[in-house]
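# Observations on the model geometry
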Amino acid sequence: MTIPKVIMIVDDDQSLVGLMKYQLEAQGHTVVTAPDGQEGLEKLKSVQPDLIILDIHMPRMSGLEFFKNIITGYGHVRYPVLILTSKAEFEAIFQDMGAAGFVAKPFLVEHLLSETGRILAKFHRPAVLLVELAENIHSPKIAEALEKEQYQVVFLRSIQQLKDAVPQPLPRFILMEFMQKGISGDELIRAFKGHPALKDIPVIVYSYSGIVDCKGASLKAGAAKYVDDPRHYEELVRAIREIEINPKR
């Protein structure tokens, strides 16, 4: 059973757009169209698509320019994008930029529908487990910075919550203040590293406490990175993104 989604088609070939729109609406999706990248960007101010189907060659603003405009400051693509083009050499370029899929023109409608279904089924924003065992005045702003960068924030508010069930969705990163309630920071890091489902997930630690040995204790306990007294919450986003891009660093 197809779950209805909002799909934006950005393409100046109106006959092809009409065909794609008809087929996608027949599956129950809501379809929004734009004849070029400039109008597509305008429509994104009022529409939040689950998928964008994007042509490359268009008047006023090309697909490449449009794509660059929907990349966040740290390199995430704000929406999953399926690229349409007759030039196969563009595939590697857009894969490197984070496109979710690529369909070469001309194509069978069945192939397009298969690709849209595949992307819609698999796309999930990367989750960050934000640890808040004690009241933390910084947490809401940190969560806001993460969500702006397209991360999904999952809060951990008690150790018991961790014992009862694996956080869902399974996080790609764990972000925690070193100073917590009822457990020391290094003990908490070791708890994550000893958890069967979380042991391989990078732990990023920060602290506003000013305690000198927080960094050493964090790294010794198994943290992947330590951010001391971040002046801007975006510094924590940057730390996560650096690991995401270069996981072995």
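For the structure, see preceding data.
Now for a quick tour of the structure. (Residues numbered from 1 in each chain as written. Predicted model: local features only at pLDDT ≥ 70, side-chain atom pairs only at ≥ 80, totals over all residues. Heavy atoms only, no water.)

### Concerning the overall build of the protein
- From N to C terminus, the protein includes ten helices and ten strands.
- With 249 residues in all, the protein has 47% of them scored as buried.
- Restricting to contacts in the protein with at least 6 residues of sequence separation, those with at least 24 account for 63%.
- With an accessible surface of roughly 13000 Å², the protein has 52% of that area assigned to carbon and sulfur atoms.
- Averaging the coordinates of the 29 positive side-chain charges in the protein and doing the same for the 32 negative ones gives two points 4 Å apart. (Helix = DSSP H or I, 4+ residues; strand = E, 2+ residues; numbered from the N terminus. Buried < 20%, exposed > 50% of the residue type's maximum accessible area, 1.4 Å probe, protein only. Contact = heavy atoms within 4.5 Å. Areas by Shrake-Rupley, 256 points an atom, 1.4 Å probe, with all protein chains shown as cover. Lys, Arg positive; Asp, Glu negative; His and termini not counted. Charge placed at Lys NZ, Arg CZ, Asp CG, Glu CD.)

### Quick notes on the environment of Leu-64
- In this structure, Leu-64 sits in helix H3 (residues 63-69).
- Residue Leu-64 is classed as partly exposed on the basis of its relative accessible area, which comes to 27%.
- With residues near it in sequence (within four places) discarded, Leu-64 still touches Phe-94 and Met-97.

### Brief notes about the side chain of Asp-11
- Following the sequence through the fold, Asp-11 ends up in the loop between strand E1 (6-10) and helix H1 (14-26).
- A distance of 2.9 Å separates a polar atom in the side chain of Asp-11 from the backbone nitrogen of Asp-13.
- Not counting residues within four places of it along the chain, the set of residues in contact with Asp-11 comprises Leu-16, Val-17, Met-20, Ala-34, Pro-35, Asp-55, Met-58, Leu-84 and Lys-105. (Polar contact = N/O pair within 3.5 Å; in protein donor to acceptor, adjacent residues only side chain to side chain.)

### Some thoughts on the sheet that holds strand E3 (residues 51-55)
- With parallel pairing, five strands are arranged side by side in an open sheet as E2-E1-E3-E4-E5. Edge positions in the open sheet fall to strand E2 (30-34) and strand E5 (101-104), since each of these has one partner strand only. The sheet shows a mean angle of 20° between the axes of neighbouring strands, taken without regard to direction.
- Judged from the four bridges that link them, strand E4 (residues 81-85) and E5 form a sheet pairing that is parallel. Each residue of the ladder has a partner; that of Leu-84, found in E5, is Val-103. (Pairing = 2+ DSSP bridges. Axes fitted to C-alpha atoms, helices over the stretch in contact; angles between N-to-C directions.)

### A look at the pattern of salt bridges
- What the rule picks out here adds up to 14 salt bridges.
- Close ionic contact of Arg-157 with Glu-132 constitutes a salt bridge, the shortest N to O distance being 2.5 Å. Of this pair, Arg-157 sits in the loop between strand E7 (152-156) and helix H7 (159-164) while Glu-132 sits in the loop between strand E6 (127-131) and helix H6 (139-148), and the two are 25 residues apart along the sequence.
- A relative accessible area of 13% means that Glu-132 is categorised as buried.
- For Glu-244, the salt bridge goes to Arg-172, with nearest N and O atoms at 3.2 Å. Of the two residues, Glu-244 sits in helix H10 (residues 234-245) while Arg-172 sits in the loop between H7 and strand E8 (173-177), which places them 72 residues apart along the sequence. (Salt bridge = Lys/Arg side-chain N within 4 Å of Asp/Glu carboxyl O.)

### Structural notes on H10
- The first and last C-alpha atoms of H10 sit 16 Å apart over twelve residues, in line with the 16 Å expected at 1.5 Å per residue.
- Regarding H10, the residues found buried are Leu-236, Val-237, Ala-239, Ile-240, Arg-241, Ile-243 and Glu-244.
- On its buried side, H10 packs onto E6, H6, E8, strand E9 (203-207) and strand E10 (225-228). (Expected span 1.5 Å × (residues − 1).)

### A closer look at the sheet that holds E9
- One open sheet accounts for five strands, arranged E7-E6-E8-E9-E10; its pairing is parallel. This sheet does not close on itself; its edge strands, each paired only once, are E7 and E10. Averaged over all neighbouring strand pairs, the angle between strand axes comes to 20°, with direction disregarded.
- One ladder, built from four bridges, connects E8 with E9; its direction is parallel.

### Here we look at the packing of aromatic side chains
- According to the stated counting rule, one finds two aromatic pairs in the structure shown.
- A centroid spacing of 5.9 Å and a plane angle of 75° characterise the contact between Tyr-206 and Tyr-208, whose relative ring orientation is edge-to-face.
- Judged by its relative accessible area of 0%, Tyr-206 falls in the buried class.
- Just above the ring of Phe-155 sits the side chain of Arg-157; from NZ or CZ to the centre is 4.2 Å. (Phe/Tyr/Trp six-rings, centres within 6.5 Å; stacked < 30°, edge-to-face > 60°. Lys NZ or Arg CZ within 6 Å of the ring centre and 35° of its normal.)

### Re the environment of Leu-198
- Here Leu-198 lies in the loop between helix H8 (185-193) and E9.
- When the C-alpha positions of Leu-198 and Arg-172 are compared, they lie 9.1 Å apart, and in sequence the two are 26 residues distant.
- In contact with Leu-198, not counting residues within four places along its chain, are Leu-162, Pro-167, Leu-170, Pro-171, Ile-174 and Phe-192.

### With respect to the packing of H1 against helix H5 (residues 109-122)
- Contact geometry of H1 with H5 gives a least axis separation of 11 Å together with a crossing angle of 55°. Between H1 and H5, the crossing angle belongs to the class labelled oblique. Judged by the twist between their axes, the crossing of H1 over H5 is right-handed. When H1 is examined against H5, the residues Leu-19, Met-20, Gln-23 and Leu-24 are found in contact with a partner set consisting of Val-109, Leu-112, Leu-113 and Thr-116.
- Each residue belonging to the contact of H1 with H5 can be placed in one class, and the counts come to six nonpolar, two polar and no charged. (Parallel < 35°, antiparallel > 145°, perpendicular 65-115°, else oblique. Left-handed = near helix turned anticlockwise from the far one by under 90°. Nonpolar A, V, L, I, M, F, W, Y, C, P; charged D, E, K, R; others polar.)

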